[in-house]
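Chains, contacts and geometry: an overview
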Amino acid sequence: TDNFYVDHAKFYGYDMGGTKVKAMMNEFTIDGNYHYYVSRKVDVSAFASAGISSVEFNGTHGDMDYNYKATGIMLRAGTRAKYYFRKRFGVMLMLSAFQSNCSTQGIKDNTEGLGFDTKISGAALEAGLCFRFLK
């Protein structure tokens, strides 16, 4: 899940008194990897991903409840490097570019952004722990 703070008036056409709305983007992807450098301690790979995504926000402003959800596809490509400081445990650094295109078509519960589709694209730098199952 990625969180974005969105200027609601600029992107969805409704002014909420200058406050920003917290929108969440969820995705589920299947990745293909090409490992171009592998040693006992280091694994560097390029990857491409495709899958489904959704964008949603909801809440209350004054006495009005608002709800928005859109669903669609997600594409991502990038590179990741893993360094194993133990036999199976390591750290990972990932750099990627992504694009998500989500539509409100077929979603009935929206009270905001009716007819607005959401496209999110950008780059991400992520870091975390990793675990090696085999080897």
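Okay, so let's go over this structure. Note that the structure is a prediction, hence the values are computed from the model and not measured.

Let us look at the overall build of the chain. Scanning the chain from N- to C-terminus turns up one helix and six strands. Helices and strands appear in the chain in the N-to-C order β-α-β-β-β-β-β. Here the C-alpha atoms of the chain give a radius of gyration of 19 Å, more than 25% beyond the 14 Å that 2.2 N^0.38 yields for 135 residues. Along the first, second and third principal axes, the C-alpha set of the chain runs to 60 × 25 × 20 Å. Partitioning the intrachain contacts of the chain with sequence separation of at least 6 by distance along the chain shows that 59% fall at a separation of at least 24. For the chain, the accessible area works out to roughly 8,800 Å², and carbon and sulfur atoms hold 58% of it. Taken as two groups, the 16 positive and 13 negative side-chain charges of the chain have centres that lie 20 Å from each other.

This part covers the nonpolar core. Core analysis: the largest hydrophobic core is formed by 14 residues, its most contacted members being Met 25, Val 55, Phe 57, Phe 98 and Ile 120. Mapped by element, the contributors of at least two residues to this core are strand S2 (20-38), strand S3 (42-61), strand S4 (64-84), strand S5 (89-103) and strand S6 (118-131). Ranked by residues supplied to this core, first place goes to S4 with four residues.

So, on to the packing of aromatic side chains. By the definition in use, this model includes four aromatic pairs. When the ring of Phe 89 is compared with that of Phe 131, the centres are 5.1 Å apart and the planes differ by 65°; the resulting orientation is edge-to-face. Of this pair, Phe 89 sits in strand S5 while Phe 131 sits in strand S6, and the two are 42 residues apart along the sequence. Cluster of aromatic residues (ring-pair linked, three or more members): Phe 57, Tyr 66 and Tyr 68. Cation over ring: Arg 80 sits above Phe 47, and NZ or CZ is 4.1 Å from the ring centre. Note that Arg 132 overlies the ring of Tyr 84, its terminal NZ or CZ placed 3.7 Å from the centroid.

So, how was this worked out
Residues numbered from 1 in each chain as written. Predicted model: local features only at pLDDT ≥ 70, side-chain atom pairs only at ≥ 80, totals over all residues. Heavy atoms only, no water. Helix = DSSP H or I, 4+ residues; strand = E, 2+ residues; numbered from the N terminus. Rg over C-alpha atoms; globule rule 2.2 N^0.38 Å. Contact = heavy atoms within 4.5 Å. Areas by Shrake-Rupley, 256 points an atom, 1.4 Å probe, with all protein chains shown as cover. Lys, Arg positive; Asp, Glu negative; His and termini not counted. Charge placed at Lys NZ, Arg CZ, Asp CG, Glu CD. Core = buried A, V, L, I, M, F, W, Y, C linked by side-chain atoms within 4.5 Å. Buried < 20%, exposed > 50% of the residue type's maximum accessible area, 1.4 Å probe, protein only. Phe/Tyr/Trp six-rings, centres within 6.5 Å; stacked < 30°, edge-to-face > 60°. Lys NZ or Arg CZ within 6 Å of the ring centre and 35° of its normal.

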